[in-house]
Every structure is written in C-alpha cells, then in structure tokens.
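The chain contents come next:
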Amino acid sequence: MEISATHPQSFWSKYVFSTDHKVIGAQYTLMGCIMAGVGGYLAYVFRYNLAFPNAYIPLFGSLSAQQYNSFVTIHGMIMVFWVGMPVLLSGLGNFLIPLMIGTDDMAFPTLNMLSFWIFLFSAIVLLSSFFVPGGAFGGGWTMYPPLSAGGYLNHNPEFFKALFSGTSMLILAVALELVSMLMGGINFLVTTINKRAKGMTIMRIPIVVWFIDIAAVIFMFSVGPLVAGAFMLLFDNVLGTGFFDPARGGDPMLWEHLFWFFGHPEVYVLLLPSLGVLGEVFPVFSRKPLFGYKPIIYLALISAFLSVLVWAHHQFVAGIDPRMATFFSIGTILISIPFAGMFLSFMATMWNGTIRLTVPMLWAVGFVGLFLIGGLTGLYLGSNTFDIYAHDTYFVIAHFHYTLFPDIFFGFFAAVYFWFPKFTGRSLNKTLGKLHFWLTFLFFNGTFFLLFFNGLAGQHRRINDYSYFSLVMKEPYITFEKICTISAIALILSQFIFIYNVVVSFAKAKQGVKNPWESATLEWLAESPPPHGNFKEYPVVYRGPYEYSLPGASQDYLPQNIQEEPVTNTKN
Amino acid sequence: METINQNNDNIVFPDAAHEYHGHPNYGRVLFTLLALLSLSLVIGYIFSPALAITFIFATAVWKTALVMRNFMHLKYEPLFLFIVIAAVLLILFAFFMGVYPDITAVPRDVTLPH
Amino acid sequence: MEATHPQHLSLNIKKVPQGRMGLWVLIAGELVIFGGLIACYLEYRLRYPQWKEMAAHTSTFIGALNTVVLLCSSYTIVRAHEAAQKGNISKVLIWMSCTIAGGFMFLIDKGIEYYREINEGFTFTSPALQQAGDHVGSLFWSFYYIMTGLHGTHVLVGMIVMFIIMMQVRKGKNLHRVELAGMYWHMVDLIWIFLFPLLYIAK
C-alpha cells in the first residue's frame with residue numbers, strides 16, 4: 001500500500017479535508033480549545049453575576065435569570081462533551097495511537113475524517129442554539145425532563161418550531177457528538193488491535209494507548225441507552241410523545257437512568273486518557289520504569305467494569321429505590337480502590353527516581369495533588385446519607401471541578417507540554433510554562449476550594465441571585481463568592497500565557513529535536529514533526545515501553561525498538 | 001519520493017487461498033431458522049401464555065445464536081469476540097436490573113396516570 | 001530472536017481481518033443502542049400489563065412475513081459472500097440483488113402495516129387514544145414506532161450500503177466488502193428477531 005503523503009497536496013487537502021491522523025488530532029484539539037474558550041467565557045459571565053448580582057458585566061452586559069440558566073447549562077455541556085471528549089479522547093487518541101504502536105495511520109482514515117466533521121457540525125448546532133427564539137436550553141446540563149421536554153404542556157408541538165428550539169438543538173448536538181465519538185472509538189480499537197508494529201504485543205503497548213482504548217470501550221458500551229434516550233426525548237419535544245411524561249404513563253426517572261448510565265462512565269472516559277498521560281510522563285521524568293505496568297492495566301479494566309455499575313449515585317435525591325441506593329453507594333466507594341491503586345503506582349514510580357521537574361512533570365504532579373481532593377470528597381458524596389445533605393449544593397460543584405478540572409486541563413497541558421516538541425518540531429518556553437502552571441494551580445484552588453464551605457453552609461447551586469437568601473448569603477460566604485469570582489477571572493486570564501507561548505514558539509524557526517525528553521516509546525523515533533505516514537520504515541519492537549535506568553544497559557533508557565539485551569534481565 | 005510498503009496481511013482478499021473462515025451449510029441453517037419461527041408462532045395455541053412466552057424468547061435466543069454463529073461466522077472467530085458480545089449483553093442486563101426497581105417495580109397506584 | 005520475542009498475542013485477536021474487526025465493534029455499539037431501547041420497552045411492558053391489548057392490534061401475519069423475508073435475505077447475502085470468496089462476480093450480483101429485493105419487500109410490508117395502523121388511529125402520539133383517556137396505550141404506540149422506525153432506518157441504510165458495494169463489485173473491486181455488508185445485514189436481522197416477539201407475539 002503506497003502512502004499518500006508523497007503526493008503533492010494543496011492547503012485544503014493537507015489541513016482541512018485531511019485523512020492524516022495527526023492533522024485530525026490537531027483539528028480536534030484546536031476545536032476543543034476554541035470550545036474551552038467559549039465555555040470559559042460563559043463561566044466568567046455567570047461567575048461574575050454570582051459575586052456581583054445585577055451588576056454590569058464587562059464584555060457582556062447584564063445577565064437575565066433565563067440567560068444565567070442557559071449559560072450554566074451550556075457551560076457544563078461544552079466542558080464535558082466539547083472540550084473533554086475531543087481533547088482527551090479524540091485528540092490524544094488520534095495523535096498518539098498510530099505513532100505509539102508504530103504504524104502509519106488509523107485503520108479507517110476516511111471514517112476518522114468523517115467523525116471530525118460530524119463533531120464540528122455538532123459544535124455548530126450547539127452554538128447556534130444560543131440564537132434561536134427562546135435562547136439556549138437552560139434546564140441543567142443533565143437535561144432532565146420535564147424541563148427538557150417543553151414542560152409537557154404542549155402535547156401537539158409545531159414540528160419545525162419545536163425542532164429549532166434550544167432544547168431540541170441541544171439534544172441533536174449531543175446525539176451527533178456521540179455518533180462522532182462512536183466512529184472515533186471504532187477507529188481507535190481496530191487500529192490498536194490490528195495495526196500494531198511487529199513485536200508490539202499487548203503487554204508492550206504504552207499505558208496511554210491502553211487507557212484511551214479502555215476509555216473508548218467504556219464509551220461505546222455505555223452510550224447506547226443514551227442514544228436511544230436522546231431519540232425518545234427528541235420525539236417528546238418535536239412530536240409530542242410522552243416517553244418521560246408521568247401524566248401520560250411515562251417516567252422522568254427513566255431519562256435520569258438513561259442519562260447517568262452513560263453520564264457516569266463518561267467521567268472515566270475523560271479520566272482514563274488523562275491518567276494514561278501521567279503514565280507516560282512520570283516514568284520519563286523519574287527515569288524509572290512505570291511501577292506495576294500490568295497491575296495498572298488490570299486495575300483499569302476492573303474500574304471499567306465497575307464504572308457501568310455505579311451510575312445511580314447521581315440520583316440519590318431523585319427518589320430511586322433505597323435498596324438500590326445502598327448498592328450504588330457500595331459500588332461507588334468500591335470504584336475508588338482501582339483508582340487509588342493507579343495513583344499509588346504513579347507515586348511509587350516517582351519514589352527514589354531521578355526526578356526532572358520539567359513543565360509536563362509539574363502539571364502531572366499538580367494533577368495528582370488536586371485530584372486527591374476531588375477523589376476524597378467523592379468518597380463522601382458516594383455515601384448516600386451524606387449525599388442527601390450535600391446534593392445540588394456548591395459542595396458538589398467544588399467536588400466535580402476538583403476532579404474534572406485537573407483531569408481535563410492539567411492532563412491536557414501535561415500532554416501538550418510533553419508532546420509539543422514532537423508534533424510541531426518546536427519547543428515551548430520553559431519559564432512561561434512554569435509561570436502558566438503556578439498561576440493556574442493557584443487560581444484554580446482559589447476558585448473552587450472555598451466553594452466547599454459555601455456548599456456545606458447550604459448554598460444551592462442553581463440560583464442566580466443570592467441576595468434574596470439572607471440565611472445562606474451572609475459573611476464570610478459573600479466574601480468567598482467574591483474571591484471565587486476574582487480567582488476564576490485570573491484563572492482564565494492566566495491561560496493567555498499559554499496561548500502567547502504557543503504563538504511565540506510558532507514564530508520561531510523549527511528545531512526538529514527528535515527526542516528532547518529521552519523517552520523510550522515509539523513516537524520519539526519519528527521525525528519532529530512526523531511526516532504523513534509517520535515512520536521511514538516500520539519499527540520492530542523488542543521491549544516494553546518503560547525501560548529506564550536499567551542496570552547493565554548501555555544508556556540511561558532503552559527505546560522500544562532497540563534490540564540490545566541488558567545484562568540484568570527485567571520482566572515486561 | 002519514497003514509498004513505504006505496508007504488509008497487507010490484515011486485509012483478507014476473497015480468494016480460496018486466503019479463506020478466513022469456512023462456510024457452513026447455509027441452507028440447513030435457514031431451514032432451522034424458519035422451523036423455529038413457525039414453532040414460535042404455533043406454540044401460543046398449545047401452551048399457557050407464560051410457558052409460551054418463555055419458549056418464544058428461548059427460540060429467539062436460539063435463532064440469534066444460529067445467525068451469529070453461522071451467518072456472521074462467529075464460530076470461526078477467536079474467543080475474544082465472544083467475550084465482547086457477552087460483555088455487551090451483561091452491561092445491558094446490568095442496566096435493566098438497575099432501572100427495574102424504579103420503573104417497573106413501583107406500586108400500581110403510582111404508575112397509573114390520573 | 002524470533003524465539004525470544006515471539007509475535008504472540010494471548011487472545012490471538014490480530015488474526016481477525018481489519019474490516020471484520022471494525023464491523024464487530026460497530027455491531028457491539030449498535031446492539032447497545034437497540035438493547036437500551038428494548039430494555040426501556042421491557043421496563044414499561046412489565047409495568048403496564050394492559051399493553052397486551054395494544055399489542056393485539058399489531059398484525060402477527062405481516063410481522064411473521066417480515067421475519068421470513070429478513071431471514072431469507074440474510075441467507076441470500078451470506079450466499080453472495082460465499083460467491084465473492086470464490087470470485088464469482090455474476091453470482092455475487094444475483095444474490096445481492098435478491099437481498100436488496102428482500103429489503104424492499106420488508107419495507108413495503110412495513111409500509112402496509114403502518115398504513116393500516118395509522119388508519120386505525122394508532123400513530124406516534126395516537127391522539128384518538130389520548131382523547132379516550134388511554135395515555136398508557138398511546139405510549140405503547142410511541143415505543144412501537146420508535147423501535148420499528150429505527151430498525152427500518154437501519155434496513156434502508158443497509159440497502160443503500162449494499163447497492164454502493166454492488167456497484168463496486170460490478171467493476172470487480174472490493175469483493176471483501178460483500179462480507180462486511182452481510183455482517184451489517186445480519187445484525188439488522190438479529191434485531192428484528194427480537195423485535196418480532198416483543199411487539200407482535202407476546203400478547
């Protein structure tokens with residue numbers, strides 16, 4: 001099979017309608033970053049409104065209660081489905097899988113391109129829902145009926161009017177996004193199974209590829225009911241059926257189950273690729289083999305299995321069967337065990353290592369530290385007795401931002417600073433990178449840590465103006481709100497350091513350093529940036545991905561394609 | 001301009017030398033399928049409804065197994081794929097059981113709309 | 001060297017050809033979508049025993065006829081696949097045309113059935129039932145249309161895909177895709193095997 005890179009390509013076929021996995025990965029990542037900008041802007045607007053109710057918001061104007069609801073809803077939607085998914089699953093998967101398993105491209109390149117274009121279309125549908133009459137959907141990102149079904153007041157909706165409402169467009173956008181990710185998932189799995197380089201056995205695949213694939217499996221196996229549910233909810237809106245309408249025999253609880261049956265595994269779909277990045281970063285900068293490569297994989301498989309059995313802990317206050325609540329409580333607390341195991345393995349990797357505190361390493365360590373807080377508060381919330389008190393308060397907000405923010409952004413930035421030299425041939429400024437990290441770390445904590453206390457004091461999370469609730473809105477909680485908002489603005493502003501860093505590095509000439517971090521996995525063998533088709537000749541793999549500081553080896557690290565046997569044999 | 005030749009061994013082209021799987025007697029499978037179908041149509045007139053429904057779904061599972069094993073050639077595939085399909089069914093069962101207490105096993109007076 | 005680094009895979013999954021592997025993953029994903037829908041239907045079916053009166057309005061004869069049509073078309077596509085493996089293009093074209101004809105028959109049957117039911121007042125929302133106060137009954141028809149409609153869409157997509165592949169096969173290209181189209185078609189068949197007893201027989 002001839003590699004098409006050798007043909008001359010125009011700008012359009014090279015960067016826009018490309019089937020090259022790296023270009024598609026870049027498209028996904030760029031799109032994710034743009035959507036993160038939108039999501040961040042929405043967060044800025046409603047956060048400002050919370051600290052300074054009814055004030056004029058710079059760069060926006062004044063915010064109505066309806067707009068506040070839409071902004072919160074779409075902020076959640078964007079950050080999970082249009083930032084986390086494309087950046088971590090599709091972006092990283094497209095960039096890394098073919099290079100790390102030593103092949104030229106994805107198994108189905110055209111399908112890959114198609115999946116990006118469907119994704120782009122879904123993003124356009126989502127954003128244009130702001131401009132339809134009535135504005136974007138504002139009933140919470142979980143889209144619970146009856147709010148998401150026109151309130152079930154109208155049994156005979158006008159088809160087109162209902163189709164071009166914020167609700168229907170949001171449901172459509174989500175359904176399209178899920179279809180796009182399904183296509184991507186098929187590609188990732190088949191590529192990893194069928195296109196590995198010679199000698200790349202299953203137990204020699206780098207951990208990040210493993211984790212992206214496990215995430216793709218979790219996604220594909222849990223998304224089905226939600227796709228079916230999205231059809232049902234859409235028909236409730238546009239045709240006036242009553243699938244979730246209790247007055248017509250339906251049950252809104254069913255939607256909650258359909259949503260969370262996917263929505264909870266989704267958390268692990270986002271978490272696993274990020275953890276995989278940590279699995280790559282820690283060994284390289286600790287110059288030690290990954291502690292417990294195989295156990296980590298088994299733990300990930302166990303967590304994948306458990307992740308589809310714990311979904312209803314999001315519904316403890318929704319009126320689910322109390323006996324099932326106990327079951328789901330236990331499952332939720334059980335699932336922390338595999339993840340604790342993984343984090344302990346990462347820390348054990350650092351133990352006694354020659355630690356190089358580079359920028360990606362800083363992000364990785366920051367991830368572990370912050371996720372610990374998110375994970376531990378998750379244990380409280382997993383217990384249904386505590387959850388009944390804390391549910392729908394700012395405690396929950398703080399908890400899931402402490403899990404998802406490190407997960408999506410710290411994991412993403414660790415990956416970006418780590419692989420940027422490989423995929424662009426340029427390097428990012430170290431000092432600016434460190435500044436970016438410390439400011440993000442500081443202001444992230446400033447934004448969300450105090451919300452734990454606001455939540456425990458009883459602040460409900462879906463109220464746009466707390467000046468009406470003097471019982472929960474008193475000192476020090478008013479000051480806390482203000483600190484949160486100012487930190488959030490500073491957090492958003494500190495991301496401009498990163499943008500500046502990237503722009504400056506692109507203005508400079510290419511350096512093309514092949515392996516700046518002295519890493520052992522296959523992607524560092526290719527040129528920087530890798531050409532279309534990746535490798536000059538297909539690599540042959542002789543060893544596991546994390547052979548650092550081997551006693552008896554001729555150099556500090558042994559890349560996977562080196563045939564040399566160290567004197568002391570190690571397993572893997 | 002360099003070209004890289006990729007080993008084509010993971011694409012099976014349909015010729016006799018590279019046959020990936022065998023071909024069972026499709027006619028006989030079709031006959032069994034149709035026989036099972038007619039049986040499931042007749043059974044309702046013979047047994048009590050509960051027994052008939054159990055039987056009907058048993059034949060549906062049997063028919064599925066026949067189609068998957070013979071028409072889709074699952075019986076020539078590695079064990080891995082059986083595990084994947086079984087996992088899918090297991091997950092669906094988990095979903096059904098998790099939802100059952102909230103949707104199906106609720107008191108009758110709650111479920112009847114007013 | 002080969003001995004120390006054997007090309008082993010513990011579960012031996014690399015042997016599955018790429019296209020087949022992709023189709024298996026796709027089928028697993030589709031099974032979850034339909035499985036989720038069927039699970040929802042079953043939850044409500046067990047909750048509302050009165051749905052059996054509604055299920056009595058579906059025509060078991062047409063449903064059974066459609067099952068026969070789909071089973072036979074599954075048979076024809078697998079024969080097309082067998083012929084493709086032997087490189088017998090004209091036979092492939094004949095068997096594939098039979099399959100597409102089967103798809104048409106299925107859709108025509110389904111159309112007749114829809115026509116009858118809509119004439120009886122059973123639509124997606126069944127306004128007649130709603131006015132009579134039988135909201136639960138109308139929910140059955142919502143499920144009926146969403147399930148058969150989604151399945152019918154799959155039949156249509158399968159026919160289009162099969163037609164495209166037929167055009168390629170006519171030029172002697174992509175014979176291995178006959179098998180892949182076949183696998184998709186069998187999946188559509190499998191889903192119908194479950195929809196038929198759920199919607200038509202179990203009364």
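Residues numbered from 1 in each chain as written. Chains lettered and ligands numbered in written order. Predicted model: local features only at pLDDT ≥ 70, side-chain atom pairs only at ≥ 80, totals over all residues.

## Brief notes about the overall build of chain C
Part 1: Of the regular secondary structure elements, chain C holds 7 helices and 0 strands.
Part 2: Going from the N terminus to the C terminus, chain C shows its helices and strands as α-α-α-α-α-α-α.
Part 3: Relative to the compact-globule value of 17 Å for 203 residues, chain C shows a C-alpha radius of gyration of 21 Å, a clear excess of over 25%.
Part 4: For chain C, the spread of C-alpha atoms along the principal axes amounts to about 75 × 45 × 20 Å.
Part 5: Going through the 203 residues of chain C one by one, you find that 52% of them count as buried. (Helix = DSSP H or I, 4+ residues; strand = E, 2+ residues; numbered from the N terminus. Rg over C-alpha atoms; globule rule 2.2 N^0.38 Å. Buried ≥ 20, exposed ≤ 12 C-beta atoms within 10 Å, placed from the backbone.)

## Overview of the overall build of chain A
Part 1: For chain A, the count of helices and strands is 15 helices and 0 strands.
Part 2: Along the longest, intermediate and shortest principal axes, the C-alpha atoms of chain A span 70 × 50 × 50 Å.
Part 3: Here chain A holds 572 residues, and the buried ones make up 56% of them.
Part 4: Long-range contacts, defined here as pairs at least 24 residues apart, represent 83% of the contacts in chain A between residues at least 6 apart. (Contact = placed C-beta atoms within 7 Å.)

## Some points on the interface of chain C and chain B
Interfaces are frequently sized by the accessible area removed from exposure as the parts join.
Part 1: Facing 45 residues of chain C, the contacting portion of chain B comprises 45 residues.
Part 2: Listed by contribution, the elements that provide at least two residues to the side of chain C that touches chain B are α1 (18-47), α3 (60-86), α6 (135-170) and α7 (177-201) of chain C.
Part 3: Among the elements that line the side of chain C that touches chain B, the one with the most residues is α3 of chain C, at 13 residues.
Part 4: Its residues assigned to classes, the side of chain C that touches chain B shows 27 nonpolar, 11 polar and 7 charged. (Nonpolar A, V, L, I, M, F, W, Y, C, P; charged D, E, K, R; others polar.)

## As for the packing of helix α2 (residues 21-51) of chain A against helix α3 (residues 65-100) of chain A
All names here are of chain A.
Part 1: One can describe the packing of α2 onto α3 by two numbers: an axis separation of 8 Å at closest approach and a directional angle of 160°. Taken together, the axes of α2 and α3 are roughly antiparallel relative to one another. The way α2 lies across α3 gives a crossing that is left-handed.
Part 2: Taken together, the residues that form the contact of α2 with α3 break down as 22 nonpolar, 10 polar and 1 charged. (Axes fitted to C-alpha atoms, helices over the stretch in contact; angles between N-to-C directions. Parallel < 35°, antiparallel > 145°, perpendicular 65-115°, else oblique. Left-handed = near helix turned anticlockwise from the far one by under 90°.)

## Some thoughts on the interface of chain A and chain C
Part 1: Of the residues lining the interface, 33 residues belong to chain A; the matching set on chain C comes to 31 residues.
Part 2: Going through the elements one at a time, α6 (166-194), α7 (207-238) and α8 (252-286) of chain A are the ones with two or more residues in the side of chain A that touches chain C.
Part 3: Among the residues forming the side of chain A that touches chain C, the class breakdown is 22 nonpolar, 9 polar and 2 charged.

## Quick notes on the confidence of the model for chain C
Residues and elements named next belong to chain C.
Part 1: Residues at a pLDDT of 70 or more form 93% of chain C, whose mean pLDDT is 88.
Part 2: Of the regions scoring below 50 in pLDDT, residues 1-11 engages in 12 contacts with residues more than four places distant in sequence or in other chains.
Part 3: Model confidence for the complex: the whole-complex pTM is 0.92, and ipTM, which rates the interface, is 0.90. (pLDDT = per-residue confidence, 0-100.)

## A closer look at the nonpolar core
All names here are of chain A.
Part 1: Grouped together as the largest cluster of nonpolar side chains are 267 residues, with contacts concentrated most on L170, F211, I212, A215, V281, W363 and A414.
Part 2: Examining the composition of this core, we find that 24 residues originate from one element, α7, more than from any other.
Part 3: For A414, the contacting residues outside a window of four places in its chain are V277, L278, V281, P360, W363, A364 and F367. (Core = buried A, V, L, I, M, F, W, Y, C linked by C-beta atoms within 7 Å.)

## Overview of the packing of α6 of chain A against α1 of chain C
Part 1: Remark: α6 of chain A packs on α1 of chain C, axes separated minimally by 9 Å, with the N-to-C direction vectors making an angle of 140°. When the interaxial angle is binned, α6 of chain A and α1 of chain C end up oblique. For the pair α6 of chain A and α1 of chain C, the sense of crossing is right-handed. Across the interface between the two elements, L182, I186, L189, V190, I193 and N194 of chain A of α6 of chain A pack against Q18, M21, G22, V25, L26 and G29 of chain C of α1 of chain C.

## A closer look at the environment of N54 of chain A
Residue and element names in this part refer to chain A.
Part 1: Residue placement: N54 occurs in the loop between α2 and α3.
Part 2: According to the C-beta neighbour criterion, N54 is exposed, with 11 such atoms within 10 Å.
Part 3: Remark: the alpha-carbon pair of N54 and S467, spanning 413 residues in sequence, is separated by 9.8 Å.

## Some details on helix α3 (residues 79-103) of chain B
Part 1: Taking 1.5 Å per residue as the helical rise, α3 of chain B with its 25 residues ought to reach 36 Å, and the 36 Å between its terminal C-alpha atoms agrees with that figure.
Part 2: Taken together, the buried positions of α3 of chain B are L81, V88, I91, L92, F95, G98, V99, D102 and I103 of chain B.
Part 3: Where α3 of chain B is buried, its residues meet α7, α8 and α10 (322-350) of chain A together with α1 of chain C. (Expected span 1.5 Å × (residues − 1).)

## With respect to unusual backbone geometry
All names here are of chain A.
Part 1: Residue P146 is bonded to the preceding P145 through a cis peptide linkage, with omega at 5°.
Part 2: Inspection of the secondary structure puts P146 in the loop between α4 (109-128) and α5 (159-163).
Part 3: The linkage connecting E475 with the following residue, P476, adopts the cis geometry, with an omega of 5°.
Part 4: Relative to the helices and strands, P476 resides in the loop between α14 (430-456) and α15 (477-507).
Part 5: Backbone geometry at D392 places phi at a positive 65°, although glycine is not the residue there.
Part 6: Even without being glycine, E518 reaches a positive phi, approximately 55°.
Part 7: Along the chain, E518 turns up in the segment after α15.

## Let's talk about helix α9 (residues 293-307) of chain A
Residues and elements named next belong to chain A.
Part 1: With 15 residues, α9 should reach 21 Å at 1.5 Å per residue; the first-to-last C-alpha distance of 21 Å fits that figure.
Part 2: Among the residues of α9, those classed as buried are Y293, I296, A300, S303, A304 and S307. Looking straight down α9, one finds that the buried residues subtend no more than 105° of arc, so they occupy a single side. What points out from α9, more than 90 degrees from its buried face, is the exposed set K294 and Y298. (Arc of directions from axis to C-beta.)

## Considering the environment of I333 of chain A
All names here are of chain A.
Part 1: Structurally, I333 can be placed in helix α10.
Part 2: You can call I333 partly exposed: it has 15 C-beta atoms within 10 Å.
Part 3: Among all residues touching I333, those that are not within four sequence positions of it are L379 and G382.

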